[in-house]
Amino acid sequence: MKIEIKYSTSEGPHLINISHAEIQQMLQSKVLVVTQPTPKGNKTITFSGTKQELSDLGDALKNAN
């Protein structure tokens, strides 16, 4: 899965790549956090929200083209 974040004044996109293994780990642990190494340390990607917001996001992802 690729998540791309673009800022209106940024030099370029900021990519977040989440592997299938990381998605499976989130499913198994029920903790929506992925930590990945970077050249200068780590980055942590956290999905947070109410149960309804997370459910709606899941529905949106399932129904995406």
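The coordinates are above.
Only a predicted model underlies this, so the values are computations on that prediction, with no experimental measurement involved.

On to the layout of surface pockets, then. Estimates place the volume of the largest pocket at around 540 Å³. For the largest pocket, the lining is made up of 15 residues, of which L27, L32, L54, G58 and L61 are closest to its centre. Secondary-structure elements contributing two or more residues to the lining of the largest pocket are α1 (20–29) and α2 (51–62). When residues in the lining of the largest pocket are grouped by element, the largest group, six residues, is from α2. Its residues assigned to classes, the lining of the largest pocket comprises ten nonpolar, four polar and one charged.

With that out of the way, let us pick up the pairing of strand β3 (residues 33–38). Pairing between β3 and strand β4 (residues 41–46): six bridges, direction antiparallel. The residue of β4 that forms the bridge with T35 is T44. Here β3 hands over to β4 after two residues, the two strands then running antiparallel side by side.

Basis of the calculations
- Residues numbered from 1 in each chain as written.
- Predicted model: local features only at pLDDT ≥ 70, side-chain atom pairs only at ≥ 80, totals over all residues.
- Heavy atoms only, no water.
- 1 Å grid on protein atoms, 1.4 Å probe; cavity = no way out; pocket = protein on both sides within 12 Å on 5 of 7 lines; lining within 4 Å.
- Points joined across faces, edges and corners; volume = space filled by probe spheres on them.
- Helix = DSSP H or I, 4+ residues; strand = E, 2+ residues; numbered from the N terminus.
- Nonpolar A, V, L, I, M, F, W, Y, C, P; charged D, E, K, R; others polar.
- Pairing = 2+ DSSP bridges.

The values reported here are purely geometric and, on their own, carry no functional implication.
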